[in-house]
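# Understanding the architecture of this molecule
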Amino acid sequence: MPLMPKRVKYRKMQRGTTKGKAARGNTLFYGDYGLQLLDPARISSAQIEAARVAVTHYLKNRGRLWVRIFPDHPVTKKPAESRLGKGKGDVSHWEAIALPGRVLLEIGGVEESVAREALRLASYKIPYRSRILTRELT
Amino acid sequence: MEEILFQAEVRETTGKGVARKLRQAGFVPGILYGPGEEPVALKVEGKSAGTIVRRLRSHNIMADLVLKGSAGEEKIKTILKDVQKDPLTGALLHLDFYRVRMDRPVAMEIPIQLVGESVGVSQGGILEQELREAKLEALPRNMPDRITVDISTLGIGHALLVKDLKLPEGVRALDDPERVVVAVLAPAKEEEAAPVTEEVTAAATEPEVISEEKAEERRKMKEEAKQEEAKE
């Protein structure tokens, strides 16, 4: 089942903008390592799921993963070969709108080399530039 | 606790345009506030402030502020209350200083440092630090710069709570005593994919729309009202 909200106020939404930088969710909170977005992005639920699967397969039940974004923005699409008009298309998928600086994934409970490799694999599933963050240990 | 010193000057002008120009000129805009005193807008010397902040292991530290004003130079005891940074470049955007009185207790968030190798981790458990900074109250001179927690005896399924923290004399924890600081979780088991029935997937492909529910309710109410009118 794709990631999407359980309840929404309205079925369809306008596209909105991806300007500025992430004012919140831009630091590590749960884990010791994280993947930080460097570009404005619209990340689909399938891409988030692919990144999650890449990490969990590599970690093999070691450590813990936190996904810090959620696809709560519906995207509509008109059927192929349809003429213009007849209203807005049906919802085709859901996207998370994320601004530069946003931490997408966090990993904890594993050593640095494992976390870095897992996040590197996940970064290939997100079609935007990203970098790996590490918590400065006290 | 090592002495941390920020160099700052009083600034008369405020606003985002002014703040941007200050940053370009190598300063960091800031503010000094505290109980019983009017807030003072500052411009902090950027290069040294950047070096200090980069080395910090906690955002909430005791710091001295050397403040140059019209009345001359003044050294003020403060807490670096908030540090605003650019999320991408890490450049300092703004600093908040809280003026402290040495005879009054202050509340600060102090980092928790874990020491030792946990027994549970060597058995395959996952160490999870739930609380990285503890909120403490103490007189400024008694405030520790970190709290060390020995986790070597922590087995799988065990947790250390805020009430278990060994605090120096005169220091009080403000967090909930039952709050978990660090725990060793059992390793995750292989998840078995539950058989998904078609009914569930069909219902789950679309979220529930609140506006449509309300519209439906309104339509029903209108119809009922019309029917009642027709009866009368």
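A quick note: this is a predicted structure, and the numbers were derived from the prediction, not measured.

From N to C terminus, chain B includes five helices and 14 strands. Against the compact-globule benchmark of 17 Å for 232 residues, chain B has a radius of gyration of 28 Å, which places it well outside the compact range. A total of 232 residues make up chain B; the buried ones form 22% of that total. Looking at chain B alone, contacts between residues at least 24 apart form 65% of all its contacts between residues at least 6 apart.

Before going further, it helps to spend a moment on the overall build of chain A. The number of helices and strands found in chain A is two helices and eight strands. Each of the 138 residues in chain A was classed as buried or not, and the buried ones make up 35%. In chain A, once contacts between residues fewer than 6 apart in sequence are set aside, the share between residues at least 24 apart is 80%.

Two pairing modes exist for strands in a sheet, parallel and antiparallel, and in both the strands are linked by backbone hydrogen bonds. Residues and elements named next belong to chain A. The strand order S3-S6-S5 describes an open sheet built from three strands, whose pairing is antiparallel. The open sheet has two free edges, formed respectively by strand S3 (41-44) and strand S5 (73-77), since each of these has just one partner strand. Pairwise comparison of adjacent strand axes, ignoring direction, gives a mean angle of 45° for this sheet. Pairing between S5 and strand S6 (residues 90-98): five bridges, direction antiparallel. Note that in S6 the partner of His73 across the bridge is Glu95. Lying over the sheet, helix H1 (residues 45-59) contacts S3 and S6, oriented at roughly 75° with respect to S3.

One finds B:Val44, B:Leu65, B:Leu95, B:Val149 and B:Val182 to be the most contacted residues of the largest nonpolar core, which totals 37 residues. Filtering out sequence-adjacent residues up to four positions away, B:Val149 remains in contact with B:Ile112, B:Gln113, B:Leu114, B:Val115, B:Leu160, B:Leu165, B:Val181 and B:Val182. In this structure, A:Leu35, A:Ile48, A:Leu104 and A:Leu105 belong to the second largest nonpolar core, which totals 25 residues.

Our next topic: the domain arrangement of chain B. Residue and element names in this part refer to chain B. Structurally, chain B comprises domain 1 (5-100), domain 2 (107-185) and domain 3 (198-231). For domain 1 versus domain 2, the distance between C-alpha centres works out to 30 Å. For the side of domain 1 that touches domain 2, the residue count by class is three nonpolar, two polar and two charged.

The next thing to look at is the interface of chain B and chain A. With 19 residues of chain B in contact, the opposing surface of chain A contributes 22 residues. Of all the elements, strand S8 (residues 126-129) of chain B adds the most residues to the side of chain B that touches chain A, at three residues. A breakdown of the residues in the side of chain B that touches chain A according to their chemical character gives eleven nonpolar, three polar and five charged. Both strand S1 (residues 7-8) of chain A and strand S14 (residues 208-209) of chain B contribute to a ladder of two bridges, which runs parallel. Of the residues in S14(B), the one forming a bridge with A:Arg7 is B:Glu208.

Relative to the helices and strands, A:Lys78 resides in the loop between S5 and S6. Considered as a pair, A:Lys78 and A:Pro127 are 49 residues apart in the sequence and their alpha carbons are 24 Å apart.

With that out of the way, let us pick up unusual backbone geometry. Residue and element names in this part refer to chain A. You will see that Asn61, though not glycine, has its phi angle at about 65°, which is positive. Position of Asn61 among the secondary structure elements: in the loop between H1 and strand S4 (64-67). The exposure class assigned to Asn61 is exposed, which follows from the 12 C-beta atoms found within 10 Å. Notably, Glu81 is not glycine yet its phi reads approximately 60°, a positive angle. Position of Glu81 among the secondary structure elements: in the loop between S5 and S6.

Take the environment of B:Leu127 next. Along the polypeptide, B:Leu127 turns up in strand S8. Each C-alpha atom of the pair B:Leu127 and B:Leu65 lies 39 Å from the other, and the pair is 62 residues apart in sequence. When near neighbours in sequence (up to four residues on either side) are disregarded, B:Leu127 contacts A:Gly109, B:Ser118, B:Val121, B:Val182 and B:Val184.

Taken residue by residue, chain B gives an average pLDDT of 85. The fraction at 70 or more is 92%. Predicted complex, confidence summary: ipTM 0.80, pTM 0.82.

All names here are of chain A. Strands sit in the order S4-S7-S2-S8 across an open sheet of four strands; the sheet is antiparallel. Either end of the sheet is taken by a strand with one partner, and the two such strands are S4 and strand S8 (130-134). For this sheet the average axis-to-axis angle between neighbouring strands, irrespective of direction, equals 20°. The sheet strands contacting H1 are S4 and strand S7 (103-108), and the helix crosses S4 at an angle near 170°.

A few words on the packing of H1(A) against helix H2 (residues 112-123) of chain A. Residue and element names in this part refer to chain A. Two elements in contact, H1 and H2, have axes separated by 8 Å at closest approach and are oriented at 150°. With respect to H2, the element H1 is oriented roughly antiparallel. Between H1 and H2 the crossing geometry is right-handed. Along its contact with H1, which presents Ala51, Ala54, Val55, Tyr58 and Leu59, the element H2 presents Glu117, Ala118, Leu121 and Ala122. Looking at side-chain class alone, the contact of H1 with H2 contains eight nonpolar, no polar and one charged residues.

The rules we used
- Residues numbered from 1 in each chain as written.
- Chains lettered and ligands numbered in written order.
- Predicted model: local features only at pLDDT ≥ 70, side-chain atom pairs only at ≥ 80, totals over all residues.
- Helix = DSSP H or I, 4+ residues; strand = E, 2+ residues; numbered from the N terminus.
- Rg over C-alpha atoms; globule rule 2.2 N^0.38 Å.
- Buried ≥ 20, exposed ≤ 12 C-beta atoms within 10 Å, placed from the backbone.
- Contact = placed C-beta atoms within 7 Å.
- Pairing = 2+ DSSP bridges.
- Axes fitted to C-alpha atoms, helices over the stretch in contact; angles between N-to-C directions.
- Core = buried A, V, L, I, M, F, W, Y, C linked by C-beta atoms within 7 Å.
- Domains from an automatic or database assignment.
- Nonpolar A, V, L, I, M, F, W, Y, C, P; charged D, E, K, R; others polar.
- pLDDT = per-residue confidence, 0-100.
- Parallel < 35°, antiparallel > 145°, perpendicular 65-115°, else oblique.
- Left-handed = near helix turned anticlockwise from the far one by under 90°.

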